[in-house]
Amino acid sequence: MLNGWLRSPPVPVAQLLAAESATLPQQITFGILAAVMTISALRVVTAKNVVHCALHLVLVLAGVAGIYILLAAEFLAAVQVIVYIGAIVVLFLFGIMLTRAPLGRDSTLDNDQRPLAALVGVSVIGLLCALLVDGFGDKEIVLPEVQRTEEVGLAIFQSYVIPFEVVSVLLLAALVGSVVLARRD
Amino acid sequence: MIQLIAAVAEAPSNTSAPWLVEQVWIIPLLAALSFPLTLAFGKRLPGKGQEIGLALVGTALVLSIALGASWAGRGHIELEEHSAEAIHATYTGTAAGDGESKATEEHGAETTGKGAEGHGAETAGKGAEGHEAETTGEAGHEAEPVHVRPYYESEQTWYQNGPIHIGFGFHVDGFAVVMLFTVCFISFLVHLYSTEYLRGDRRQTHYFAALGLFTAGMLLMVSASTTIQVILGWEIMGLCSFMLIGHWWEESKNSNAALKAFFTTRTGDIGLLVGMCILFFGAGQTFNIAKINQAAIDGNIQRTLLVCAAAALFVACIGKSAQFPLHTWLPDAMAGPTPASALIHAATMVVAGVYMVARLYPVFFEAFRISDNFQFAVIGGVNPIAIIGAITLLIAGGLAFVQTDIKKVLAYSTVSQLGYMVMGLGVGAWTGAIFHLFTHAFFKALLFMGAGSISHGVFHSFELEDYGGLRKYMPKTFVTFMVGTGALMAVPPLAGFWSKDEILLGAGKNGYGLFLVASALGATLTCGYMTRVVYKTFFGEYSGPHTPEAIEHAEHAEHEAHGHDDHASVPAGMAAVAHGAHQAERGPHDDEPAAEHVGRSSPGHGAGAPLGGYPHESPWNITVPLIVLAVMSVVTGVINAPGLLAFTHFTAIEPIVAAGVPEPHFDIVIAVWSTVVGLAGAGVAYLWFFKEIRFGLDGITSRNKAARAGYLFLVNKYYLDELYENVFIKGIKGPIAAGAYWFNQNVIDGVVNGAGWTAKTFGNLVYDRIDQTAVDGTVNGVGAGARGLGRGLKGLATGRVQQYAALLIGGAAAGALVLYLVTLGS
Amino acid sequence: MLLNEFLILGAVIFGIGIYGVLARRNGVLVLMSIELILNAVNINLVAFGAFHHDIAGQVFALFTVAVAAAEVGVGLAIVLLIYRNKRSIDLTEVAEMKG
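Since the structure is predicted, the reported quantities are computational estimates derived from the model, not experimental observations.

Asks: Please clarify how the nonpolar core should be interpreted in this entry.
Replies: For soluble globular proteins, nonpolar side chains are generally found buried alongside one another. Met 356, Leu 360, Phe 364 and Trp 430 of chain B are the most contacted members of the largest nonpolar core, which has 201 residues in total. Looking at this core, the element that brings in the most residues is helix 20 (residues 430-457) of chain B, giving 16 residues. In terms of domain composition, this core takes at least three residues from each of domain 2 (372-544 + 615-664) and domain 4 (690-793) of chain B. Once residues lying within four places of it in the same chain are set aside, the contact partners of Phe 364 of chain B are Ala 310, Leu 313, Phe 314, Met 356, Val 357, Arg 369, Ile 370 and Ile 385 of chain B. The next biggest cluster of nonpolar side chains, apart from the first, holds 92 residues, and it includes Cys 53, Phe 92, Ala 117 and Val 167 of chain A.

This is the structure:
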């Protein structure tokens, strides 16, 4: 159990050098994914059609899964797709449906705080970017071996079993809570 | 030097003196007690308080006689003395008239035992020098030693603050002892006299209380050791004079006279206070009279201060002792009761000024250079004191001729004699002046009491027209009055002769020739007017009313009653009844208007038997004092006859000898010549009145314009009253008072009002601008700001979550930015 | 691959999500924007995990996904409630705490 608290052993140099040559496709993939995600995210927050927002959200989420794969987190990617796209977005759509959201164009989807929100958003982006550039500079990610589900599972059930249990309870609470909240009586 | 040592050995010290001398304060205290006791208990006593006064003043008199006896037993010390000729020789002879060296010459033997004064040290040094200078400088004159009884002084500290030391004490020397005796003696006789004269008076108790207080004041003054006490006694006497003159103040004439007296003497009192203050500073911050005198003698007082102080003090003397130009109050002061006039306006109070000058004589002697003031060849020396005295004695003598009221004649006579005393002080005849003061007290009191006795018998009239031939009806009064007149006219061997002669001697010997002439002229006038008075009063036929109706008519009427010759004799019985009836109705008449009849006394005929409406002799309360005073008028003069010189020796005091006041010796020439001149005046008046020889001048005032003008001038008292009243007083009341009022209202009040207006305006300004606008504005602004801020911030609380979230995230981003920037450098 | 790529991408998505949270009127859309934010955070986590060769990144991201799911569930329940009470899910109308 204590092993999980330690870092993974560093990647051998040879593997690193070997992995270097695979950079370019990853970059391109990353670039495409980033562009798609960004545009989709923008569309999420600016689309006039609620369902379009949901669909764009699907694209963003899928892009995120792709990022995960780029980062050698295949289990997480799978989970992302299953949970987020498969369940959460569906949930969103249910919510849209249940709240009689206008399924067509709706020009009043934004409130009057748009400039301030834009300002805040842009400033946050800017700040974060500045911080990141300043903080992390040219740090490279040297991918480790692909982390299989086994490692994740081991980590969860050995090192992080308590958070796992807590999350379980949280899910239970959320389930119960939403049922309680949403029931009709 | 041997003489010096001998003198030192036998000199009595100041620390030991007979008991009464040490406790001399008892004498003024007894008189002072008379005042509150009479006021407190007088009304309940049968005699209305006169018993208290008689008892206390009588005791004081006995004590003062005992004091005199014990003082006579005091040992002497010797001081050098210069005769007038010697002094004269010094300025024209060898020592060339240097004032300073002359002042130091006369100090001969040492005087020790002066107590804590430090006096002895100074005179020691001076004495030694003087002695030397004497033997080397002035050859050929005799320095006769003067035996002086050293004074005794007891002083308590009244107030002390650093170098300023104000003491309160009693100073006893020959002069003071003589004055104490005189005041007590005459006061006692006046008390006795007043028991009859003011019997049944409306304010008898207050009268006796005032008499007692006055006596206390005068006694305090004559035994004073500091100038403060002199001022104290002076002012007490001024107050009592006011009270006594205005005794019957219900008549406005009397209260006006009292006010006039008070104000006029007050004018002089300015000089008293100023002079005493100057002397305080000039003599080295001391009020002690002996020290002041010593400082004056030693020349330690700066010349300017000395002259100013002497002038100021002399002004006080002019006011109090009724000298020209402030003499106008004394004749009007005759509105008071006659015994009060006898006491205070003849014998004691008016001489307070003379006494003060005599007491502080070295100051005047040095200031006016009385002993070496030889400016003019023929007439000799001149100085302000002598001039004023001479003027006074001459003008008063002239005025006495035209008076129709016997008391006014005596008043002017008093003014004239005061002029003699002041002139005597002015010419350096110190002993002569105070001797005249002494004798004048007796015979003038005698004359006033005689006048009172006369009026007492002549239905309380003082008008000469009502008199005449009274020697038949009032023999005792007549004889005593004649003795007094003789003393006043300086008929030898009566008192006035010796005392007036000493003054004349001083004038002659000290080189004041002009004043010798003036005083001789004054003697002529004196004899003249007194002869007139005597004739009109005692000789001739009685021309006053003597029937009841006429008496009553005369009492109530104005001038019309007088001059009616009522020679019809009334049957004695009927007149007796009338007189009895007249007596009975006296009661309500005691407050009748006294328009012309000055100083009506209230009813009370005493024990004298009515003589059928004609004037009668007065009872014993009145005649006994007259007789006593007549005896004194004879005796007091002879005691200072040349060869005997008892008074001179008794009153010789150190400051006078030390100052070098000359002591002239008897000169038969001057004595005879002055007597002759005086009696010439009496002779002329005798011829005029008694023999009716008019030298063709009868009725001249109605024929001759110049004579008429002169007569009117005299009758109107040289228009001095008009001058004072219309020019000075109206001038002050009118324009000056108006000016002062204008100044007060406009300038002073303007300043004050302006200050108030300024303060008010400024206050309003501050209120409006600063308080309301700025301060309140700030306070309100803060409130408004808070409100506005709240209102503004309220806009934030929209309830819209997304807005909150925006602010939250924005704030967090800002915070992060700040943090980033802060840590940027590190 | 630069670490910063992923991080910046995550920051951008994050910012966009913030914009969406603040600017969207529909409650569901706000929830969707929250999902964007969460996903951006996940990207960060996984990137750092990969950078540090630490499996904790992925584990944490997993938990985040679970939490997000729970949160969406509860959030939608709330939105449903709001819809029931107000017949609309316009968040500008939900200003009960105004003032």
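Asks: Got a minute to help me understand the interface of chain A and chain C in this structure?
Replies: A common way to state how big an interface is: give the accessible area lost once the parts meet. Between chain A and chain C, the contact holds 88 residues from the first and 68 residues from the second. In total, about 7100 Å² of surface goes out of reach between chain A and chain C, with carbon and sulfur atoms giving 74% of it. Applying the counting rule to chain A against chain C returns one salt bridge. Salt-bridge contacts for Arg 24 of chain C lead to Asp 110 of chain A; the nearest nitrogen and oxygen are separated by 2.9 Å. Counting every contact that joins chain A to chain C gives 16 residue pairs in polar contact (both at pLDDT 80 or more). At the level of secondary structure, the elements contributing two or more residues to the side of chain A that touches chain C comprise helix 2 (23-46), helix 3 (50-70), helix 4 (74-98), helix 5 (114-136), helix 6 (149-159) and helix 7 (161-182) of chain A. Here the element with the most residues in the side of chain A that touches chain C is helix 2 of chain A; it accounts for 13 residues.

Asks: Explanation requested: the packing of helix 8 (residues 174-197) of chain B against helix 16 (residues 351-359) of chain B in the structure shown.
Replies: Each pair of packed helices gets described by two things: the angle between the helix axes and the distance between those axes. Residue and element names in this part refer to chain B. Relative orientation of the contacting elements helix 8 and helix 16 amounts to 165 degrees, with a least axis distance of 12 Å. Regarding the angle of helix 8 to helix 16, the classification is roughly antiparallel. At the point where helix 8 passes helix 16, the crossing takes the left-handed sense. Every residue of helix 16 that contacts helix 8 at Phe 175, Ala 176 and Met 179 is listed here: Tyr 355, Ala 358 and Arg 359. Of the residues belonging to the contact of helix 8 with helix 16, the class tally is five nonpolar, no polar and one charged.

Asks: Sorry, what's going on with the interface of chain B and chain A here?
Replies: On the chain A side, the residues contacting the eleven residues of chain B number ten residues. Together chain B and chain A conceal approximately 860 Å² of surface at their shared face, both sides included; 65% is due to carbon and sulfur atoms. Looking at the side of chain B facing chain A, the largest losses of area belong to Arg 800, Ala 806 and Tyr 820 of chain B, adding up to 49% of the total buried there. Counting every contact that joins chain B to chain A gives zero salt bridges. Summed over the shared surface of chain B and chain A, the number is three residue pairs in polar contact (both at pLDDT 80 or more).

Asks: What exactly am I supposed to notice about a nonpolar patch on the surface here?
Replies: Residues Trp 742, Phe 743, Val 747, Ile 748, Val 751 and Val 752 of chain B make up a contiguous nonpolar surface patch of about 560 Å² in total accessible area. The exposed category is assigned to Val 752 of chain B, whose relative accessible area is 51%.

Asks: When you look at the pattern of salt bridges in this model, what are you seeing that I'm missing?
Replies: Opposite charge on two side chains makes pairing possible when the charged atoms of those side chains draw close. All names here are of chain B. A complete count under the given rule lists eleven salt bridges over all chains for this structure. Glu 235 is paired through a salt bridge with Arg 266; the nearest N and O atoms lie 2.9 Å apart. Of this pair, Glu 235 sits in helix 10 (residues 227-245) while Arg 266 is found in helix 11 (residues 252-282), placing the two residues 31 residues apart along the sequence. Judged by relative accessible area, which is 23%, Glu 235 ranks as partly exposed. A residue is classified by how much of its surface remains accessible, and Arg 266, at 35% relative accessible area, is partly exposed. Members of the salt-bridge network, linked through shared partners, are Arg 202, Arg 203, Glu 250 and Glu 251.

Rules of the game
- Residues numbered from 1 in each chain as written.
- Chains lettered and ligands numbered in written order.
- Predicted model: local features only at pLDDT ≥ 70, side-chain atom pairs only at ≥ 80, totals over all residues.
- Heavy atoms only, no water.
- Core = buried A, V, L, I, M, F, W, Y, C linked by side-chain atoms within 4.5 Å.
- Buried < 20%, exposed > 50% of the residue type's maximum accessible area, 1.4 Å probe, protein only.
- Helix = DSSP H or I, 4+ residues; strand = E, 2+ residues; numbered from the N terminus.
- Domains from an automatic or database assignment.
- Contact = heavy atoms within 4.5 Å.
- Buried area = accessible area lost by both parts, 1.4 Å probe.
- Salt bridge = Lys/Arg side-chain N within 4 Å of Asp/Glu carboxyl O.
- Polar contact = N/O pair within 3.5 Å; in protein donor to acceptor, adjacent residues only side chain to side chain.
- Axes fitted to C-alpha atoms, helices over the stretch in contact; angles between N-to-C directions.
- Parallel < 35°, antiparallel > 145°, perpendicular 65-115°, else oblique.
- Left-handed = near helix turned anticlockwise from the far one by under 90°.
- Nonpolar A, V, L, I, M, F, W, Y, C, P; charged D, E, K, R; others polar.
- Patch = residues over 30% accessible without salt bridge, like charges linked within 9 Å, V, L, I, M, F, W, Y side chains within 5 Å.
- Areas by Shrake-Rupley, 256 points an atom, 1.4 Å probe, with all protein chains shown as cover.

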